[in-house]
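Breakdown of the fold
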Amino acid sequence: MAMTLASTWWVACGVLVAMELSTGTFYLLMLALGCAAGAVAAHLGLDESGQMLAAALIGGAAVAACYLARRNSKGALPAGANANFNMDIGRSVEVESWTPDGAASVKYRGAVWQARCIGSAAPTPGRYVIRAIEGSCLLLDH
C-alpha cells in the first residue's frame, strides 16, 4: 500500500507537533498548521504545487502573525518583579530607619533583609511595599 501525498503531509504535521512538544518552540506549531493546510489541499485534489503553495501561504502567514503578536505584546516582568512568580511582591514591610545612601535593614518573614528605596521621594521611616527582589535585597516603594 503506497502512502498518499495527504498522508505525507499529515506525518510531517505530526513530526512538527512532536518537535514543538520537545522544544517548546511555538513557531513549529505554526509550520504544522501549514502542513495541515497542505494535507487538506491534497484531500481536495490539488496537484503538488497547489499543496505546496497552500502549505507555504498558511504556514508562513501563521508564523508571521505569531511573530507580530509576540513583538507587539508587552514583555513579561523579570522574575524578581513578577508577583505571579514571587509571592513576596506586593507585601508590606516596616522600615524603622534609612542610611544616608538609601539602604535599610528590615525584618521580613523572620529574617533580616537588606532593602533599598526605589521611589522618587526621599526615604523616611514607615510602611513600604516590596516591588521587586534582587538577590537578597528588597526593593521598596510607598
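Above: the structure in question.
Quick caveat: nothing in here was measured; it's all calculated off a predicted structure. (Residues numbered from 1 in each chain as written. Predicted model: local features only at pLDDT ≥ 70, side-chain atom pairs only at ≥ 80, totals over all residues. Heavy atoms only, no water.)

1. Here we look at the side chain of N86
Short version of the rule: Per the convention used, a helix needs a DSSP run of H or I reaching at least four residues, while a strand needs a run of E reaching at least two, with both numbered from the N terminus. Distance and chemistry together define a polar contact, namely a pair of N or O atoms within 3.5 Å, with one atom able to donate a hydrogen and the other to accept it when in protein, and with adjacent residues in sequence counting only for side-chain atoms on both sides.
Secondary-structure assignment places N86 in the loop between α3 (48–72) and β1 (92–95). Within polar-contact distance, the side chain of N86 engages the backbone nitrogen of D88 at 3.0 Å.

2. Considering the nonpolar core
The cut-off we apply is this: Joining through side-chain atoms within 4.5 Å is the link that ties buried Ala, Val, Leu, Ile, Met, Phe, Trp, Tyr and Cys residues into a set, and such a set is a nonpolar core. Classification of residues uses two cut-offs on accessible area relative to the type maximum, computed with a 1.4 Å probe and protein chains only: under 20% is buried, over 50% is exposed, and between them is partly exposed. Residues are treated as being in contact if the distance between any of their heavy atoms lies within 4.5 Å.
In this structure, V93, V95, W98, Y128, I130, L138 and L140 are the most contacted members of the largest nonpolar core, which totals 15 residues. If near-sequence neighbours (up to four positions away) are discounted, V93 is found in contact with Y108, G126, R127, Y128, I130, L138 and L140. Counting 11 residues, the second largest nonpolar core, distinct from the first, contains A6, C13, A32 and A42.

3. Structural notes on a nonpolar patch on the surface
Here is the rule: A patch is a set of surface residues, each over 30% in relative accessible area and not in a salt bridge, joined within 9 Å for like charges and within 5 Å for the nonpolar side chains Val, Leu, Ile, Met, Phe, Trp and Tyr. The method behind every accessible area is Shrake-Rupley, applied with a 1.4 Å probe, and residues are considered shielded solely by the protein chains displayed. A side-chain nitrogen of Lys or Arg and a carboxyl oxygen of Asp or Glu constitute a salt bridge if their distance falls within 4 Å.
Together, M3, V11, V15 and M19 line one region of the surface with nonpolar side chains, adding up to about 360 Å² of accessible area. Relative to the helices and strands, M19 is located in helix α1 (residues 5–23). Owing to a relative accessible area of 38%, M19 belongs among the partly exposed residues under this scheme.

4. With respect to the sheet that holds strand β5 (residues 137–141)
As a reminder, the rule being used: A pair of strands counts as paired when DSSP detects no fewer than two bridges linking them. For helices, the fitted axis covers only the stretch in contact; all axes are lines through C-alpha atoms, and the angles between them, taken along N-to-C directions, range from 0 to 180 degrees.
Spatially, the five strands line up as an open sheet ordered β1-β4-β5-β3-β2, and their pairing is mixed. Both outer strands of the open sheet, β1 and β2 (103–108), are each paired with one neighbouring strand and no more. Each strand axis lies, on average, 50 degrees off the axis of its neighbour in the sheet, ignoring direction.

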